[in-house]
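# Coordinate inspection notes
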Amino acid sequence: MDNRYNRHNRRKYNLKVHIVLVTKYRKQLLKDSIADDVKQKIFDIANAYGYEIIAIETDKDHIHFLLSYDTTDKVCDIVKIVKQETTYYLWHKYSSLLSKQYWKKKIFWSDGYFACSIGEVSSATIQKYIENQG
């Protein structure tokens, strides 16, 4: 039996994507407790939606994560969920700090994102890359 693949009904798959999200205006807010809270929230989202976080790392103005997902999910929907839920959570917890950074509306992430499927590249290789970038 090949454990590299997930099985569900008549599907056999191994889908992983490397996602990078950048803070709006590249503000260096992903440090200390905010970085820890964003990571934890993404783990919580992954658990709730059935994703698996393989690796995650923050730098001051962006976050990398490697995520395993189901064939029925779309990367754009995953990114949308992560951005919306983390933004809501952070504004709820750090509203006084964030209102000094973003005075117009409750935003945290830039509009775009980077996503790259990893194909048959080993997860260990991507995880090592993420850790070296963070």
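Residues numbered from 1 in each chain as written. Predicted model: local features only at pLDDT ≥ 70, side-chain atom pairs only at ≥ 80, totals over all residues. Heavy atoms only, no water.

### Brief notes about the overall build of the protein chain
Secondary structure assignment for the protein chain yields four helices and six strands. In sequence order, the secondary structure elements of the protein chain are arranged as β-β-β-α-β-β-α-α-β-α. Of all 134 residues assigned to the protein chain, the portion counted as buried reaches 43%. Restricting to contacts in the protein chain with at least 6 residues of sequence separation, those with at least 24 account for 71%. (Helix = DSSP H or I, 4+ residues; strand = E, 2+ residues; numbered from the N terminus. Buried < 20%, exposed > 50% of the residue type's maximum accessible area, 1.4 Å probe, protein only. Contact = heavy atoms within 4.5 Å.)

### What to know about helix H1 (residues 32–49)
Between the first and last C-alpha of H1 there are 26 Å, a value that for 18 residues agrees with the 26 Å anticipated at 1.5 Å per step. Every buried residue of H1 is listed here: Ile34, Ala35, Asp37, Val38, Lys39, Lys41, Ile42, Ile45 and Ala46. Packing partners of the buried residues in H1 comprise strand E4 (52–58), strand E5 (62–69), helix H2 (75–93) and helix H3 (95–101). (Expected span 1.5 Å × (residues − 1).)

### A few points about the pairing of strand E3 (residues 15–22)
E3 sits mainly inside the fold: seven of its eight residues count as buried. Where E3 and strand E6 (residues 114–117) come together, four bridges link them in antiparallel fashion. Each bridged residue has a counterpart across the sheet, and for Val17 the counterpart in E6 is Ser117. (Pairing = 2+ DSSP bridges.)

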